[in-house]
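# A structural walkthrough
These are the residues of each chain, in order.
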Amino acid sequence: MGTAACHQVPIMSSRRVSGHSEAGTGPKGAAKLIDEGGGHVVLLARHEQRGTEALAKLGEEGSRFYKLDVSDSAKARETVDKIFEEVPGVNILINCAGVISTKKFDEIDDAEWRRVIDINLTGTFTMMSAVYPHFKAAHTGSIVNVSSVAGKIGGGLLGTAAYASSKAGVNGLTKAVAKEGGKFGIRTNAVCPSLTLTGMTSILSDENSKRIIAGIPLGRATRASEPA
């Protein structure tokens with residue numbers, strides 16, 4: 001069985017799955033699938049109300065919610081250690097945390113750059129590094145990072161320079177940890193969807209959304225449940 005955690009939500013699970021999630025791609029769908037599969041879900045999110053509402057919808061006695069902002073690395077590691085103490089069998093981490101940036105390169109200041117990199121890339125690294133020793137000791141575990149096609153093509157369709165750079169970093173980090181962690185039974189993968197219907201992408205104008213969809217073979221945006 002697995003327990004999962006999801007950011008922004010991370011999700012952690014003891015199918016157990018653990019995850020951290022808030023408004024990004026598929027955290028609710030992933031949590032629902034884990035729950036329906038007999039696993040327990042650990043939700044982590046900055047907003048307590050969203051986290052508790054999501055947990056209530058699961059209706060699973062063994063699932064839990066922890067309030068966490070992954071940009072606080074010390075608190076994140078402390079919280080993950082606490083989860084492994086309180087929830088036995090956690091063996092999945094789903095990193096769904098994310099923010100988008102649509103500012104043009106010459107409009108990106110240091111604050112905007114740090115905001116995007118801190119949440120999308122550093123937050124992903126923090127959660128991965130927090131669970132890694134636990135997975136290594138157990139010689140099993142699965143890490144799933146929600147990235148973006150922007151990290152592969154350099155943005156332009158969804159997100160601009162800061163966003164694309166953060167997701168390209170997630171892709172590189174995922175590949176590197178997959179190589180290092182494989183011998184310890186740790187599987188590390190990333191999914192790279194295009195435009196996905198979430199609260200985060202709702203800021204895009206209709207014009208930009210239509211332009212992105214025009215380049216998608218299915219002719220529509222991805223539903224948040226599909227990457228899950």
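It should be emphasised that the depicted structure is a prediction, and the values quoted were computed from it without experimental measurement. (Residues numbered from 1 in each chain as written. Predicted model: local features only at pLDDT ≥ 70, side-chain atom pairs only at ≥ 80, totals over all residues. Heavy atoms only, no water.)

### Section: the overall build of the protein
A tally of regular secondary structure across the protein gives 7 helices and 10 strands. When the accessible area of the protein is evaluated, it comes to approximately 10700 Å², of which 53% is carbon and sulfur surface. (Helix = DSSP H or I, 4+ residues; strand = E, 2+ residues; numbered from the N terminus. Areas by Shrake-Rupley, 256 points an atom, 1.4 Å probe, with all protein chains shown as cover.)

### Topic: the pattern of salt bridges
Pairs may arise between side chains of opposite charge once their charged atoms sit close together. Evaluated as defined, the whole model comprises 3 salt bridges. Close ionic contact of lysine 75 with glutamate 78 constitutes a salt bridge, the shortest N to O distance being 3.6 Å. Here glutamate 78 and lysine 75 lie together in helix 3 (residues 73-86), a separation of 3 residues that amounts to about one turn. (Salt bridge = Lys/Arg side-chain N within 4 Å of Asp/Glu carboxyl O.)

### What to know about helix 6 (residues 161-181)
Structurally, the α-helix is built with 3.6 residues per turn, so residues lying three or four positions apart point the same way. Across its 21 residues, helix 6 extends 30 Å between first and last C-alpha, which sits within 8% of the 30 Å expected from 1.5 Å per residue. All buried positions along helix 6 are accounted for by Ala162, Tyr163, Ala164, Ser166, Lys167, Val170, Asn171, Leu173, Thr174, Val177 and Gly181. Its buried side turned inward, helix 6 meets helix 4 (110-138), strand 7 (141-146), helix 5 (150-153) and strand 8 (186-191). (Expected span 1.5 Å × (residues − 1). Buried < 20%, exposed > 50% of the residue type's maximum accessible area, 1.4 Å probe, protein only. Contact = heavy atoms within 4.5 Å.)

### Considerations on the side chain of asparagine 120
With respect to the helices, strands and loops of the structure, asparagine 120 is situated in helix 4. We classify asparagine 120 as buried; its relative accessible area is 0%. Within the local environment of asparagine 120, its side chain forms a polar contact with the side chain of serine 166, the two groups lying 3.1 Å apart. Aside from chain neighbours lying at most four places away, what touches asparagine 120 is Ala97, Gly98, Val99, Tyr163, Ser166, Lys167 and Val170. (Polar contact = N/O pair within 3.5 Å; in protein donor to acceptor, adjacent residues only side chain to side chain.)

### Observations concerning the packing of helix 4 against helix 6
Running from N to C, helix 4 and helix 6 point in directions that differ by 15 degrees, and their axes come no closer than 8 Å. As the angle between them shows, helix 4 and helix 6 are arranged roughly parallel. The handedness of the crossing between helix 4 and helix 6 is right-handed. Note on element contacts: helix 6 touches helix 4 through Ala161, Ala162, Tyr163, Ser165, Ser166, Lys167, Gly169, Val170, Leu173, Val177, Glu180 and Gly181, opposite Trp113, Val116, Ile117, Asn120, Leu121, Thr124, Phe125, Met128 and Tyr132. A per-class count over the contact of helix 4 with helix 6 returns 13 nonpolar, 6 polar and 2 charged. (Axes fitted to C-alpha atoms, helices over the stretch in contact; angles between N-to-C directions. Parallel < 35°, antiparallel > 145°, perpendicular 65-115°, else oblique. Left-handed = near helix turned anticlockwise from the far one by under 90°. Nonpolar A, V, L, I, M, F, W, Y, C, P; charged D, E, K, R; others polar.)

### Some points on unusual backbone geometry
Phi angles above zero are rare outside glycine, and histidine 139 is one such case at about 55 degrees. As for its placement among the helices and strands, histidine 139 is situated in the loop between helix 4 and strand 7. On the basis of relative accessible area, histidine 139 is assigned to the partly exposed category, the value being 47%.

### What to know about the packing of aromatic side chains
Under the criterion given, the structure shown has 1 aromatic pair. Ring plane angle 70 degrees and centroid distance 6.1 Å describe the contact between phenylalanine 84 and phenylalanine 135, whose orientation is recorded as edge-to-face. In this pair, phenylalanine 84 is assigned in helix 3 and phenylalanine 135 in helix 4, connecting sequence segments 51 residues apart. We note lysine 136 situated over the ring of phenylalanine 184; from NZ or CZ to the ring centre the distance is 4.5 Å. (Phe/Tyr/Trp six-rings, centres within 6.5 Å; stacked < 30°, edge-to-face > 60°. Lys NZ or Arg CZ within 6 Å of the ring centre and 35° of its normal.)

### A word on the side chain of threonine 188
Its location among the elements puts threonine 188 in strand 8. Residue threonine 188 is classed as buried on the basis of its relative accessible area, which comes to 6%.

### Some words on the sheet that holds strand 8
Pairing within the open sheet is parallel, and its 3 strands lie in the order 6-7-8. What marks the edges here is a single partner per strand, and that holds for strand 6 (92-95) and strand 8. For this sheet the average axis-to-axis angle between neighbouring strands, irrespective of direction, equals 10 degrees. Strands strand 7 and strand 8 of the sheet are contacted by helix 6, whose axis makes an angle of about 160 degrees with strand 8. (Pairing = 2+ DSSP bridges.)

### Notes on the environment of arginine 50
Mapped onto the elements of the fold, arginine 50 is located in helix 2 (residues 48-58). Through-space distance from the C-alpha of arginine 50 to that of lysine 67 is 9.9 Å; in sequence the pair is 17 residues apart.

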